[in-house]
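Notes for the structure review
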Amino acid sequence: MATTGMAMATPGRRIGFHTGFRRTNRKFGSSRKAWMRAGTNPTADEDEVRPPKPDVGNKSAFARAASVVAAAGTLECAYLSAVSWTNATSGVACSTGGSCASVLTSEYAKLLGLPLPVYGALGYAAIAFMAWKLATKTEDDATWRNVTLNAAWMLAGGSLWLMVLLHGIMKQDCDWCHASALLSFTITALVTASVPAAIRKERAKEVLMFAASSVIGLAVVQLGPDLLKDRTQAQAFDLPYAEAVVHEESSERAQVLASRLRAAGAKMYGAFWCGHCYEQKESFGKQAAQVLPYVECYPDGFRRGFGNGENESGKKDTPPAKACLDAHIDGFPTWVVGEEHLEGEQTFEQLEKALDKVEKGSSQ
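Everything in this summary refers to the structure shown in the same document.

Rules and cut-offs
Residues numbered from 1 in each chain as written. Predicted model: local features only at pLDDT ≥ 70, side-chain atom pairs only at ≥ 80, totals over all residues. Heavy atoms only, no water. Helix = DSSP H or I, 4+ residues; strand = E, 2+ residues; numbered from the N terminus. Disulfide = S-S within 2.5 Å. Buried < 20%, exposed > 50% of the residue type's maximum accessible area, 1.4 Å probe, protein only. Pairing = 2+ DSSP bridges. Axes fitted to C-alpha atoms, helices over the stretch in contact; angles between N-to-C directions. Contact = heavy atoms within 4.5 Å. Polar contact = N/O pair within 3.5 Å; in protein donor to acceptor, adjacent residues only side chain to side chain.

Quick notes on unusual backbone geometry
- The omega angle of the peptide bond from Phe 332 to Pro 333 is -10°, so this bond is cis rather than trans.
- Structurally, the position occupied by Pro 333 is in the loop between helix 12 (322-326) and strand 7 (334-337).
- The phi dihedral of His 328 is positive, around 55°, even though this residue is not glycine.
- With respect to the helices and strands, the residue His 328 is situated in the loop between helix 12 and strand 7.

Here's the deal with the state of the cysteines
- Tallying each qualifying case throughout the model produces 1 disulfide.
- Between the sulfur atoms of Cys 297 and its disulfide partner Cys 324 the distance amounts to 1.9 Å. Between Cys 297 and Cys 324 the disulfide shows an S-S torsion of about -95°. By sign, it is left-handed. Here Cys 324 lies in helix 12 and Cys 297 lies in the loop between strand 5 (294-296) and strand 6 (302-304), a separation of 27 residues in the sequence. A single burial state applies to Cys 297 and to Cys 324, both of which are buried.

Overview of the environment of Leu 355
- Mapping Leu 355 onto the fold places it in helix 13 (residues 348-363).
- Judged by its relative accessible area of 0%, Leu 355 falls in the buried class.

Regarding the sheet that holds strand 7
- Pairing is mixed in the open sheet, where 4 strands are placed in the order 5-4-7-8. Strand pairing shows two members of the sheet lacking a second neighbour, strand 5 and strand 8 (340-343), which therefore form its edges. For this sheet the average axis-to-axis angle between neighbouring strands, irrespective of direction, equals 25°.
- Where strand 4 (residues 267-270) and strand 7 come together, 3 bridges link them in antiparallel fashion. Paired with Met 268 across the bridge in strand 7 is Trp 335.
- Its contacts with the sheet put helix 10 (residues 275-284) on strand 4, strand 5 and strand 7, and the angle it makes with strand 4 is roughly 140°.

Some words on the side chain of Glu 296
- Here Glu 296 is to be found in strand 5.
- In terms of polar contacts, Glu 296 uses its side chain to reach the side chain of Tyr 294, at 2.8 Å.
- Among the polar contacts listed, one links the side chain of Glu 296 to the backbone nitrogen of Tyr 298, at a separation of 3.0 Å.
- Discounting chain neighbours no more than four positions away, the residues touching Glu 296 are Tyr 241, Gly 270, Ala 271, Phe 272, Ala 321 and Cys 324.

Okay, structure coming up:
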């Protein structure tokens, strides 16, 4: 009887046990699938809240584009650096008639003894590297992103100052300078676009401060020496007038062009101490230079640092000749052909083109 009872009890337990396990397993499997679909971990603490993934914006596309543009800026500034170092600025192509050469050889073209494009090349190269690293990072890196953003806005601030210097102080025009400014502003726009909108709003004041610091820093370094310099007799110089001697022989084309310029009433304004003026005369040659309608702006010599004459020597700074003041000459050489003011050294083609307009207008 005991044996029978045991046999009867065991199957009951076995059947009940297996039936209950299968139900529990099905229930557990269904819950597991639900957990997987919900993206949760059944073993994690129910109170744990996972932080959302950071919104890195469209950083990859914009940052890559910024890196490519910055690489183009690096090449441009590297070329201008080489031109400045080799003193080959007169050969720089410029649609504005040679002003690029005047800008690249001006007193503002160097910073702490180095050509300004050298700093531009280094800045562009640094941003090209940073933007590329930012684009290739799989996770948002706040430090890397902020450094790249600050550097881009500093670059834009520097370009803004150079545009003010170019047009407001030097009153020159330069295709290469405009191209560099356009590249830097484009880089800044692309790097800024790679940052999520919320972060752009949060860091707006900071990046503007970086841009302003770049403007102020460059202004102080470039203009500070002139503003703070004590113009005393010890710093003064007196350069007596000396006519430049041209050695090159004139071509037939140069002689014809010189005669046409004189007949059209054109003028070449220059200074005896101006190297570019001398190079322009050499391009015509000594025979044509005798016919060239040249106006000397400092026929009485060139003096600076004496002020208004209140010094021991009684000398004064020499102003430009009245003809140059009346013609509003800001740099040398400057050609006035008809209504056109052509600054810097000009090629024969540029002068002939300007003459054609004058002669065509006079014949109508």
